[in-house]
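# Residue-level structural notes
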Amino acid sequence: MDNLFTVAEQFRPQGAVIDVREFGNGNINKTFLVTLDATGKKHFILQRINTQVFHQPELVMLNMRICIGHVRRRLQRTPLSGGRRWEVPDIFLAHDGRDHWLDSNGSFWRAISFIDGSQSFDMIKNIDHASEVGYALGIFHNLLSDLPPDRLSDTLRGFHITPGYLQHYEEVLEKCNAGKSPEVNYCLQFVSERNAWAHVLENARAQGKLRLRTIHGDPKVNNILIDIATGQAVSIVDLDTVKPGLVHYDIGDCLRSGCNPLGEETEKWENVHFDADLCRAILQGYLSMAKEFLTRDDFSYIYDSIRLIAFELGLRFFTDYLKGNIYFKVRHPEHNLARALVQFRLTESIESQETAIRSIVREIR
Ligand code: GN1
Ligand code: MG
């Protein structure tokens, strides 16, 4: 890897680079915060895209540009009500005018602006934070609701198609000889009991009940930036997975992340639970912006989407554990197993509250 300062300097910074340090907790790409000696903006974000995951990073950048351009035009025409602040990152160009830079090893780098006065949290803090997280996803879907999804490329084939993850899991399982610890047995059993149901969203899509839209793909709590001064959501970042999909993937992902107060990295997986009050707050925030474009069928699959995306993420972590930790970055060999246990425990908690969750959806739709 080239010297990080050299990489940062490729993006024509308005000042001398004085610091580059790792930033955030991404599981796929590497993210750095660059600090400049400048009178104007003092920071920007530098990222190395994991090209083992994103095989066509140029298309990731193109999707991002289309999406940012669309949101900017919409906001110019109709600013958010109440003069609310909403930001989209700027993409910095490299010296050759491109939106990325390849280093001598072929690593793919890009730079975007840092949203001033904002911060993000790995875990949900309280009810107000939850409703802001939901509101942010609602704004995002609302602002992109008139962008035809076929304008965007499919930059990550199979992303959130649960039956595909199941098939991959079966293939991995056949080849690996996982030690049969009680935790591994729990996971094996957990997946086998939900095999048939896991097709629920893709079946609904095949039946024409749900349709593709432009989605974020990864609207978890720490991708939503909160204004330090007002506590309001000001941006949703990590636009790598913006592509055609079901909004249900996003709704499910936002809720599985936002309603798990212990967070997805907790070591106390037995204590993980799904908090229905946080769920109500997130959905209230979300639906205040999304009601107008959701259909009756969309509403009827919200419960399944929450259960499914928690299950799916558990399955993805567990498969990666069985495969030897290829996809998600890990800090130790059992890390993906621990993450899978968290998501499966969360799924169980969601299942045990099905009636309550369905009635929350009915109450606020
Ligand atoms: C990955 O890299 P990061 O943290 O933004 C993953 C998401 C998962 C998430 C779980 C492209 O996102 O799907 O929900 O980890 N992104 C990809 O934390 O697979
Ligand atoms: Mg991401």
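As a starting point, this report considers the structure included with it. (Residues numbered from 1 in each chain as written. Chains lettered and ligands numbered in written order. Predicted model: local features only at pLDDT ≥ 70, side-chain atom pairs only at ≥ 80, totals over all residues. Heavy atoms only, no water.)

## Focus: the environment of Ile302
- Mapped onto the secondary structure, Ile302 falls in helix H10 (residues 302–323).
- Between the C-alpha atoms of Ile302 and Ile28, which are 274 residues apart in sequence, the distance is 27 Å.
- If near-sequence neighbours (up to four positions away) are discounted, Ile302 is found in contact with His248, Ile251, Leu283 and Val361. (Helix = DSSP H or I, 4+ residues; strand = E, 2+ residues; numbered from the N terminus. Contact = heavy atoms within 4.5 Å.)

## Structural notes on the pattern of salt bridges
- If you walk through the whole model with that rule in mind, you get 27 salt bridges.
- We note a salt bridge from Asp227 to Arg85, for which the minimum N-O separation is 2.8 Å. Of this pair, Asp227 sits in strand E9 (residues 224–227) while Arg85 sits in the loop between helix H2 (57–77) and strand E4 (91–92), placing them 142 residues apart in sequence.
- A relative accessible area of 26% means that Arg85 is categorised as partly exposed.
- A salt bridge links Asp154 to Lys243; its shortest N-O distance comes to 2.6 Å. Here the residue Asp154 occupies a position in the loop between helix H3 (127–144) and helix H4 (162–175), and Lys243 occupies one in strand E11 (residues 243–245), the gap between them amounting to 89 residues.
- Looking at Asp154, the relative accessible area reads 27%, which means it is partly exposed.
- In this structure, a network of salt bridges that share partners links the residues Glu193, Arg194, Arg307 and Glu351. (Salt bridge = Lys/Arg side-chain N within 4 Å of Asp/Glu carboxyl O. Buried < 20%, exposed > 50% of the residue type's maximum accessible area, 1.4 Å probe, protein only.)

## Some details on the coordination of the magnesium ion (ligand 2)
- Distances from the magnesium ion (ligand 2) to its protein donors, Asp218 (OD) and Asp238 (OD), fall at 1.9 to 2.0 Å. Highlighted residues: Asp218 in the loop between strand E8 (213–215) and E9 and Asp238 in the loop between strand E10 (233–236) and E11, separated in sequence by 20 residues.
- The class of Asp218 is buried, set by a relative accessible area of 18%. (Donors = N, O, S within 2.8 Å, 3.2 Å for Na, K, Ca; no water.)

## Some thoughts on the sheet that holds E9
- Strand order across the open sheet formed by three strands is E7-E9-E10, with antiparallel pairing between neighbours. The sheet terminates laterally at strand E7 (118–119) and E10, the two strands that pair on one side only.
- Looking at chain direction, E9 and E10 are connected through three bridges and run antiparallel. Bridge assignment links Ile226 to a residue of E10, and that residue is Ala233. (Pairing = 2+ DSSP bridges.)

## Thoughts on the packing of aromatic side chains
- Applying the stated criterion across every chain yields a total of 12 aromatic pairs.
- Members of the aromatic cluster, joined through ring pairs, are Tyr186, Phe190, Trp197, Trp269, Phe311 and Phe344.
- The aromatic ring of Phe121 is capped on one face by Lys125, whose charged end is 4.2 Å from the ring centroid.
- Geometry around Phe190 places Arg194 over its ring, the cationic atom sitting 3.6 Å from the centre. (Phe/Tyr/Trp six-rings, centres within 6.5 Å; stacked < 30°, edge-to-face > 60°. Lys NZ or Arg CZ within 6 Å of the ring centre and 35° of its normal.)

## Some thoughts on helix H12 (residues 354–364)
- Among all positions of H12, only Ile357, Ile360, Val361 and Ile364 are buried. Seen along its axis, H12 keeps its buried residues to an arc of 95°; they face one direction. In this structure, H12 carries Thr355, Arg362 and Glu363 as exposed residues pointing more than 90 degrees from its buried face.
- Of the surrounding elements, those touching the buried residues of H12 are helix H8 (276–290), helix H9 (296–300), H10 and helix H11 (335–352). (Arc of directions from axis to C-beta.)

## Concerning the nonpolar core
- In terms of nonpolar packing, the biggest core is built from 108 residues, with Trp86, Leu283, Tyr286, Phe311 and Phe318 touching the most fellow members.
- Looking at this core element by element, the count peaks at 13 residues for H10.
- Setting aside residues up to four positions removed in sequence, Tyr286 forms contacts with Gly134, Tyr135, Leu137, Gly138, His141, Val247, Ile251, Phe293 and Leu294.
- Membership of the second largest hydrophobic core comes to 16 residues, among which are Val17, Ala38, Leu46 and Trp101. (Core = buried A, V, L, I, M, F, W, Y, C linked by side-chain atoms within 4.5 Å.)

## Observations concerning the site of ligand 1
- With respect to spatial proximity, 17 residues lie near ligand 1, and among them Asp218, Lys220, Glu264, Arg316 and Tyr327 are the closest.
- Glu264 is positioned such that a nitrogen or oxygen atom in its side chain is 2.4 Å from an oxygen atom of ligand 1.
- The fraction of the free accessible surface of ligand 1 (440 Å²) that becomes covered by protein chains is 95%.
- Secondary-structure elements contributing two or more residues to the shell around ligand 1 are helix H7 (247–258) and H10.
- Looking at the shell around ligand 1 residue by residue, the class counts come to seven nonpolar, three polar and seven charged. (Near = heavy atom within 4 Å. Polar contact = N/O pair within 3.5 Å; in protein donor to acceptor, adjacent residues only side chain to side chain. Areas by Shrake-Rupley, 256 points an atom, 1.4 Å probe, with all protein chains shown as cover. Nonpolar A, V, L, I, M, F, W, Y, C, P; charged D, E, K, R; others polar.)

## What about the side chain of Asn260?
- The topology assignment puts Asn260 in the loop between H7 and H8.
- Judged by relative accessible area, Asn260 falls into the buried class, the value being 2%.

## A few points about the state of the cysteines
- Applying the stated criterion across every chain, the model contains zero disulfides.
- Looking at the unpaired Cys67, the closest cysteine sulfur is the one in Cys254, lying at 16 Å. (Disulfide = S-S within 2.5 Å.)

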